[in-house]
Amino acid sequence: MGSMEQGSVSCNFLSAKMAKVKRVIDDARDTQNPELDLVDKGIASFEEMPGLFALANITRLSLSHNKIESLPPAIANLEHLEILNLFNNHIEDLPTSLSSMPNLRILNLGMNRLSKLPRGFGAFPVLEVLDLTYNNLNERALPGNFFMIESLRALYLGDNDFEFIPPEVGMLKNLQILVLRDNDIILLPKEIGDLQRLRELHIQGNRLLVLPPEIGTLDLVGSKSVLRMENNPWVTPIADQLQVGVSHVIEYIRSETYKYLYSRQMAAGVPPPPPISDKSKKISRKKEN
Amino acid sequence: MSSSREVRSPPAPKMKGLEQSFLYQRRQMAHAQARELAASNARTPLHEKDFQAEFDKIQEIMNEVGGVTPLPKTPRSFAPNLAPPWQIRSPQAERMRELSMNLGASECSRCHEGFEPNEKVLNSNGELWHPQCFVCVQCFRPFPEGVFYEFEGRKYCEHDFQVLFAPCCGKCGEFIIGRVIKALNANWHPLCFRCNMCDKELADLGFIKNAGRALCHECNAHVKAAAIGKHICYKCKQVIEEGLLRFRGEVYHPYHFNCASCSVELNSDAREVTTSRPGYSANQVNELYCLRCHDKMGIPICGACRRPIEERVVTALGKQWHVEHFVCAKCEKPFLGHRHYERKGLAYCETHYHQLFGNLCFVCNQVISGDVFTCLNKAWCADHFACALCDTKLNQKSKFFEFDQKPACKKCYEKLPIELRRRLKRMHEEQAKKGSV
Ligand SMILES: [Zn+2]
Ligand SMILES: [Zn+2]
Ligand SMILES: [Zn+2]
Ligand SMILES: [Zn+2]
Ligand SMILES: [Zn+2]
Ligand SMILES: [Zn+2]
Ligand SMILES: [Zn+2]
Ligand SMILES: [Zn+2]
């Protein structure tokens, strides 16, 4: 008896929730509003948003703070979509079709449960900002063409599980912002020095001992630049310079002394320190049940 | 089996080093040949005089070993570089019988000792063996599952046969387990057998032997056409006999296109016109016009050098330009299709636009004309200053938090997991401390 009552209660609740969502979608259709906000509506699946894919003209879809588990391939039918925000959902898989969206410029997949990206993910034609903060990604989870998104201005990979950053990162010629905060990164590739437009580099909270001297060629300490590098087990000379400020670090890694130290360090193959942070409690981890 | 007599052990086997094995030497030779072939291919110049292509066939052999498939199995033929002189025997095909009859003058094929009465004897293809003598010549262990491989009168267990004689890839030199591609007198992993020019995998596409190299059909056609001074159409992949059309860096038969103005089928006199929109790199528009329509538009004169433009025309800033003369007003580097930004009738590269005028909106990446929000090392136009996590609009009065140098509204920030908020807070405090030093 009791369980039946409970069932009917949640059923009513579901239909009320869906009615609300439906109203938002109907409104958008009637008013021709190209921007759709469905933030924090308890949505668990795209089936709870009937009529969404008929809104062929929307340019922004914000679905943050829901419980969406997967993205249907039909998402690519929203041809005019420029901004897709899925921050804080339960997404584990992405459809391949996502990368074919012809106008998608900003994609936020932060705080989901992604452990891999689909094959061909790097095929986005005009993507400028990609946010993958706080997922379960590492270097093995990236498809081969990941760094071919030439139009990319900003790449957010903070709070993931990377130990290495592939040298192909140097192919992102338009990159201005690279966030690698709080991963397990042991070594940065010298190709980061190829990112001549980089103005923001966040590498704090990793397992870095040294920086490739090539980073010294970037403009990371001007008034329009950001360099965050605290919470790494830096070798003493870098740690000492960091005490006085990041501009001193950059000046130091440009010196011949440092280049020598760096080559020695590389030749010696000093083992990296073990990971410090326990990440098992992250909400991006798959829930057991 | 039932007898409990002492078993005399066979004469102590003499273990020869692997490098003394005749087979090993032959394999090393074949290997060296494959390497030499690969090296000579690498040396072959592209404009090889002898462009006559031979069709060559890919032969494939599935090479299933390594205990993937359970019994019953019949060992398959391997595919080494040489004609296979070995035999492979399976106990299933040819059950070995245990003979307990009186064998008189018979002797063991290995140790050449006789057999005691009632002693267990193995018969394999007419040869008799003490069970303890019927072992792999390499590792001296019995044959797992009874499967052995015979070569030049010697028997090997599957593992050692694999190590000694499995084919080696002509490119990477590693053993090939699984699918073997036999081509150009060598063996290849399917992933290692690629077009010598474009690196495409050839295992399933087939290939053409061209001057000792393997080429895909497309590259071969290109090489052939280049040798007679012709091009291949990017669209239909056929040779362009006469009159080609260049469009977006590729060459085509002109008849694949129509004039953007009058729709007439184009010939090789057609002209490519590029219109460059400020701020975009992906939205450059290239169009083709027939000569008549192009002339009606007037022979374009370059806005920089004042000379007529014969080849590609760039339209921007209300003028037309030679591709190489449409340059940044500050550094004078040509944009060559890269995005440019306009201000007061001049075009700038992104770097110099930034340097001189600042302020592209982080969201729309366009020059901000009205109100500007600047914080977190970025700028936003009034329409686009919003929470990065939920897209809720922010204004001067909104309280927001910094998250990786992006704005997060209070509601969103409070939804972040506590452990993350704690880390962000600690980071901020450290940053603030450093700022005050
Ligand atoms: Zn053996
Ligand atoms: Zn190979
Ligand atoms: Zn090819
Ligand atoms: Zn053609
Ligand atoms: Zn000119
Ligand atoms: Zn410039
Ligand atoms: Zn804007
Ligand atoms: Zn928000």
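Residues numbered from 1 in each chain as written. Chains lettered and ligands numbered in written order. Predicted model: local features only at pLDDT ≥ 70, side-chain atom pairs only at ≥ 80, totals over all residues. Heavy atoms only, no water.

Attention now moves to the overall build of chain A. Of the regular secondary structure elements, chain A holds four helices and nine strands. Counting every position in chain A, which comprises 289 residues, the buried fraction comes to 53%. Of the roughly 12,800 Å² that chain A leaves accessible, carbon and sulfur atoms contribute 55%. (Helix = DSSP H or I, 4+ residues; strand = E, 2+ residues; numbered from the N terminus. Buried < 20%, exposed > 50% of the residue type's maximum accessible area, 1.4 Å probe, protein only. Areas by Shrake-Rupley, 256 points an atom, 1.4 Å probe, with all protein chains shown as cover.)

Another aspect to go through is the packing of aromatic side chains. What describes a pair of aromatic rings is the distance from one ring centre to the other and the angle between the planes of the rings. According to the stated counting rule, one finds 23 aromatic pairs over all chains in the structure shown. Residues Phe46(A) and Phe53(A) carry aromatic rings whose centres are separated by 5.9 Å and whose planes lie at 5 degrees to one another, so their mutual orientation is stacked. Ring geometry for Tyr348(B) versus Tyr353(B): centroids 6.4 Å apart, planes at 65 degrees, classification edge-to-face. Judged by relative accessible area, which is 1%, Tyr353(B) ranks as buried. One aromatic cluster is present, built from ring pairs that chain together Phe362(B), Phe373(B), Trp380(B), Phe385(B) and Phe400(B). (Phe/Tyr/Trp six-rings, centres within 6.5 Å; stacked < 30°, edge-to-face > 60°.)

Quick look at the coordination of the zinc ion (ligand 4) now. Residues and elements named next belong to chain B. Coordination of the zinc ion (ligand 4) by the protein comes from Cys 233 (SG), Cys 236 (SG), His 253 (ND1) and His 256 (NE2), over a distance range of 2.0 to 2.4 Å. For the zinc ion (ligand 4), the four donor atoms are set out with angles of 94 to 124 degrees between them, so the coordination reads as tetrahedral. For the zinc ion (ligand 4), the donor residues sit on a single chain with the sequence spacing C-x2-C-x16-H-x2-H. (Donors = N, O, S within 2.8 Å, 3.2 Å for Na, K, Ca; no water. Tetrahedral: all angles 85-135°; square planar, octahedral: opposite > 155°, others 65-115°.)

Residue and element names in this part refer to chain B. Every second residue of strand 26 (residues 406-409) is oriented toward a common face, with Lys 406 and Ala 408 on one face and Pro 407 and Cys 409 on the other, all of them buried. Note: strand 25 (residues 400-403) against strand 26, four bridges, orientation antiparallel. If you follow Phe 401 over to strand 26, its bridge partner there is Ala 408. Hairpin remark: strand 25 followed by strand 26, antiparallel, with two residues in the connecting loop; positive phi at Asp 404, about 50 degrees. (Pairing = 2+ DSSP bridges.)

Once that is clear, we can look at a nonpolar patch on the surface. Together, Val163(B), Phe175(B) and Ile177(B) make up an exposed nonpolar region whose accessible area comes to about 250 Å². You can see Val163(B) is positioned in helix 2 (residues 158-165). (Patch = residues over 30% accessible without salt bridge, like charges linked within 9 Å, V, L, I, M, F, W, Y side chains within 5 Å. Salt bridge = Lys/Arg side-chain N within 4 Å of Asp/Glu carboxyl O.)

This brings us to the sheet that holds strand 8 (residues 200-202) of chain A. All names here are of chain A. The sheet built from nine strands is open, its strands ordered 1-2-3-4-5-6-7-8-9 with parallel pairing. Among the strands making up the open sheet, the edge pair consists of strand 1 (35-37) and strand 9 (226-228). Strand after strand, the sheet turns through a mean of 5 degrees between neighbouring axes, direction not considered. With three bridges connecting them, strand 2 (residues 60-62) and strand 3 (residues 83-85) associate as parallel partners. Bridged to Ser 62 within strand 3 is Asn 85. (Axes fitted to C-alpha atoms, helices over the stretch in contact; angles between N-to-C directions.)

Time to look at the coordination of the zinc ion (ligand 6). Ideal coordination angles are 109.5 degrees for a metal with four donors arranged tetrahedrally and 90 or 180 degrees for a metal with six donors arranged octahedrally. Residue and element names in this part refer to chain B. Only Cys 328 (SG), Cys 331 (SG), Cys 349 (SG) and His 352 (ND1) from the protein coordinate the zinc ion (ligand 6), and they sit 2.1 to 2.4 Å from it. For the zinc ion (ligand 6), the four donor atoms in the first shell make angles of 85 to 123 degrees at the metal, a pattern classed as irregular. Expressed as a motif, the donor residue spacing for the zinc ion (ligand 6) is C-x2-C-x17-C-x2-H. Remark: Cys 349 occurs in the loop between strand 22 (346-348) and helix 5 (350-357) and Cys 331 occurs in the loop between strand 20 (319-322) and strand 21 (341-343); sequence separation between them is 18 residues. Residue classification places Cys 331 among the partly exposed residues on the basis of a relative accessible area of 26%.

Mapped onto the secondary structure, Asp182(A) falls in the loop between strand 7 (177-179) and strand 8. The spacing of Asp182(A) and Ile203(A) is 21 residues in sequence and 7.4 Å in space, taken between C-alpha atoms. Not counting residues within four places of it along the chain, the set of residues in contact with Asp182(A) comprises Asp159(A), Asn160(A), Gln204(A), Gly205(A), Asn206(A), Lys279(A) and Arg423(B). A polar atom in the side chain of Asp182(A) sits 3.0 Å from the side chain of Arg181(A). (Contact = heavy atoms within 4.5 Å. Polar contact = N/O pair within 3.5 Å; in protein donor to acceptor, adjacent residues only side chain to side chain.)

Before going further, it helps to examine the confidence of the model for chain B. All names here are of chain B. Model confidence for chain B is summarised by a mean pLDDT of 75, while 73% of its residues fall at 70 or above. Taken element by element, chain B is modelled with least confidence in strand 3 (residues 87-89), mean pLDDT 41, and with most confidence in strand 26, mean pLDDT 97. The complex model carries a pTM of 0.57, and its ipTM stands at 0.93. (pLDDT = per-residue confidence, 0-100.)

This part takes up the interface of chain A and chain B. In many reports, interface size means the accessible area that the parts give up when they come together. In this complex, chain A contributes 46 residues to the contact, which on the side of chain B involves 35 residues. Across the chain A/chain B interface, buried area totals approximately 3,300 Å², and carbon plus sulfur atoms make up 45% of it. Scanning the region where chain A abuts chain B turns up nine salt bridges. Measuring nitrogen to oxygen at the nearest pair gives 3.0 Å for the salt bridge that ties Asp40(A) to Lys415(B). Here the residues of the side of chain A that touches chain B are counted per class, giving 16 nonpolar, twelve polar and 18 charged. (Buried area = accessible area lost by both parts, 1.4 Å probe. Nonpolar A, V, L, I, M, F, W, Y, C, P; charged D, E, K, R; others polar.)

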